[in-house]
Amino acid sequence: MRRLLSAPWVLPVEGPPIPDGALLVADGRIKAVGPRSALRGAAADAPEEAFPGAALLPGLVNVHTHLELSGLRGALPEGRGFLPWALALIERKRTLDAPWYRASVLAGIGALLRAGTTCVGEVTSAGVSPALLRESGLRGVIYWEVLGPDPAEAEAATAKAAAALAALATLLRGSLLTVGLSPHALYSTTPALRAALRRLREIGPWPAAIHAAESREEVDFVREGVGPLWEGLLKPLGVPEPEGHGVGPLALLEAEGWLTPGTVVIHAVQAEAADAARLARTGTAVACCPRSNATLGVGVPPLSALHRAGVRLGLGTDSLASAPSLSLWDEVRAARPLFPELAARDWLRMVTLGGAEVLGLADRTGSLTPGKEADCIAVRIPAGEDPERALLEAASEDAVCFGMVGGRV
């Protein structure tokens, strides 16, 4: 069935705002975008749904979440640094069971939908979120997380990852979700494990997501093989003392072959100018999570420098274990004052088409472009001449009044 959606403003993202615009949807796809008057005449038989006082725009793309940790909101230390937070998370996860994870994921999915998110980059470690995300109708990539800081674990961890990826691919077949691989981080995986996972990734081929350059402790660990992450996290686990690599995290990932167009680097807070050039040169994407970084006290991501370098960028909220909400509107509002040189259109792109590019889904979603799947939302905004600025300044979970994924409301 064809249907016409209309509003005072349509924000296609891949083109300028359209006043008194409309969107024609049929068979789950966008058929036409333009002035309402033109589309109404061309689709006289299509029922119309109008959203007065609102803007129609692509659904939001949250490029990095851990929905399985949604129940830990406010439960872990904030502002004391990365290591105390990580140790508290490890200890707390020992007490969690399957019903807890299920309730946590369902709460997270509800928060995403209410905030206008239609596409997500989810990292799963407990294996609970994939089935629930499939039931939700959300689009996205689910990355299977792999940890293994002990060299003796590399073979077993790789075999487990291969089995998990195969099972996940079967589970998600025919859905709007695709499968990815996430070696957790450089300090929580060994070079041998990463090499095995890279070979496994090439067989898939699986997109990848890696937490990297998040904290100064991580940089010191990768360069020197020692420091707080070794003393406070790995040594108590009985992990043999590692050797330093003499380079930073992103240089090491490039040397190991991980920096590719199919890879998302999560955080990149400690990225330097050479790293920005490295990411741009290799086509590697970055998921920035400024509020999570602030909670952990690890610094501010160099978002403007990455943007100037031409790095593909998207915004993520991270989990509720390190962020106060799963709303990208809240994320943008917190981040905009830190980067005043970025225009409203830059931010709007980051949470829509830019996010879709990060996840490798820009051919399907992220903009209101004829031929793409019909992922869109309606958000109430104040009247004015600059709807993009008005949207970013006023939008919130309460302002989202409609959502559609692949033509399904």
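Residues numbered from 1 in each chain as written. Predicted model: local features only at pLDDT ≥ 70, side-chain atom pairs only at ≥ 80, totals over all residues. Heavy atoms only, no water.

**Digging into the packing of helix α4 (residues 129–136) against helix α5 (residues 154–172)**
Then, in step 1: With their axes 10 Å apart at the nearest point, α4 and α5 run at an angle of 15° to one another. In terms of their interaxial angle, α4 and α5 are classed as roughly parallel. Crossing of α4 against α5: the hand is right-handed. The residues of α5 that touch α4, namely those facing Pro130, Ala131 and Arg134, are Leu168, Leu171 and Leu172.
Then, in step 2: In the contact of α4 with α5, the residues fall into five nonpolar, no polar and one charged. (Axes fitted to C-alpha atoms, helices over the stretch in contact; angles between N-to-C directions. Helix = DSSP H or I, 4+ residues; strand = E, 2+ residues; numbered from the N terminus. Parallel < 35°, antiparallel > 145°, perpendicular 65-115°, else oblique. Left-handed = near helix turned anticlockwise from the far one by under 90°. Contact = heavy atoms within 4.5 Å. Nonpolar A, V, L, I, M, F, W, Y, C, P; charged D, E, K, R; others polar.)

**Section: the side chain of threonine 317**
Then, in step 1: Summarising the element assignment, threonine 317 is placed in the loop between β13 (313–315) and α13 (328–335).
Then, in step 2: With relative accessibility at 0%, the residue threonine 317 sits in the buried group.
Then, in step 3: At 3.0 Å, the side chain of threonine 317 forms a polar contact with the side chain of asparagine 62.
Then, in step 4: The contacts of threonine 317, once residues within four sequence positions are left out, are Asn62, His64, Thr65, Arg291, Ser292, Ala323, Ser325, Leu326, Ser327, Leu328 and Glu331. (Buried < 20%, exposed > 50% of the residue type's maximum accessible area, 1.4 Å probe, protein only. Polar contact = N/O pair within 3.5 Å; in protein donor to acceptor, adjacent residues only side chain to side chain.)

**Looking at the pairing of strand β2 (residues 18–26)**
Then, in step 1: Within β2, seven of the nine residues are buried, which leaves the element mostly enclosed by the surrounding structure.
Then, in step 2: Sheet analysis places strand β1 (residues 3–10) next to β2, joined by seven bridges and oriented antiparallel. Opposite leucine 4, over in β2, you have leucine 24 as the bridge partner.
Then, in step 3: Counted along the chain from β2 to the antiparallel partner strand β3 (residues 29–35), the turn is two residues long, and its residue aspartate 27 has a positive phi close to 55°. (Pairing = 2+ DSSP bridges.)

**Brief notes about the pattern of salt bridges**
Then, in step 1: Under the definition given, this model contains 20 salt bridges.
Then, in step 2: With a shortest N-O distance of 3.0 Å, glutamate 48 and arginine 40 are connected by a salt bridge.
Then, in step 3: The partner of glutamate 202 in a salt bridge is arginine 198, with the nearest N and O atoms 3.4 Å apart. Placement of both glutamate 202 and arginine 198 in helix α6 (residues 191–203) is noted, with a separation of four residues, approximately one turn of the helix.
Then, in step 4: Connected through shared salt-bridge partners, Glu254, Asp275, Arg278 and Arg281 make up one network. (Salt bridge = Lys/Arg side-chain N within 4 Å of Asp/Glu carboxyl O.)

**Overview of the packing of α13 against helix α16 (residues 387–394)**
Then, in step 1: Taken N-terminus to C-terminus, the directions of α13 and α16 make an angle of 100°; their axes are 8 Å apart at the nearest point. In terms of orientation, α13 and α16 fall into the roughly perpendicular class. Contacts from Trp329, Val332 and Arg333 in α13 reach Leu391, Leu392, Glu393 and Ala394 in α16.
Then, in step 2: For the contact of α13 with α16, a count of residues per class yields five nonpolar, no polar and two charged.

**Quick word on the packing of aromatic side chains**
Then, in step 1: Applying the stated criterion across every chain yields a total of five aromatic pairs.
Then, in step 2: With 4.9 Å between their ring centres and 50° between their planes, phenylalanine 51 and phenylalanine 402 make a pair best called tilted. With phenylalanine 51 in the loop between β4 (48–50) and β5 (54–58) and phenylalanine 402 in strand β15 (residues 400–404), the pair connects residues that are 351 residues apart, well separated along the chain.
Then, in step 3: A relative accessible area of 8% places phenylalanine 51 in the buried class.
Then, in step 4: The class of phenylalanine 402 is buried, set by a relative accessible area of 7%.
Then, in step 5: Ring-pair connections join several aromatic residues into one group, and the members of that group are Phe82, Trp85 and Tyr187. (Phe/Tyr/Trp six-rings, centres within 6.5 Å; stacked < 30°, edge-to-face > 60°.)

**A few points about the environment of aspartate 375**
Then, in step 1: Here aspartate 375 shows up in the loop between α15 (353–358) and β14 (376–380).
Then, in step 2: Sequence-wise, aspartate 375 and arginine 281 are 94 residues apart; in three dimensions their C-alpha atoms are separated by 31 Å.
Then, in step 3: In contact with aspartate 375, other than residues within four places in its own chain, are Leu57, Pro58, Gly59, Thr118, Arg139, Thr365, Leu368, Met404, Val405 and Gly406.
Then, in step 4: A polar contact is formed between the side chain of aspartate 375 and the side chain of arginine 139, at a distance of 2.6 Å.

**Quick word on the side chain of threonine 365**
Then, in step 1: Here threonine 365 lies in the loop between α15 and β14.
Then, in step 2: Apart from residues lying up to four places away in sequence, threonine 365 is in contact with Cys119, Arg139, Leu353, Ala356, Lys372 and Asp375.

**A look at unusual backbone geometry**
Then, in step 1: Each neighbour pair has its own omega, and for glycine 204 with proline 205 the value is -15°, a cis peptide bond.
Then, in step 2: Residue placement: proline 205 occurs in the loop between α6 and β10 (208–212).
Then, in step 3: The backbone of valine 13 shows a phi angle near 80°, a positive value even though the residue is not glycine.
Then, in step 4: Secondary-structure assignment places valine 13 in the loop between β1 and β2.
Then, in step 5: The exposure class of valine 13 is buried, given its relative accessible area of 16%.
Then, in step 6: A positive phi is found at alanine 268, a non-glycine position, where the angle reads about 55°.
Then, in step 7: With respect to the helices and strands, alanine 268 occurs in the loop between β11 (263–267) and α10 (273–282).

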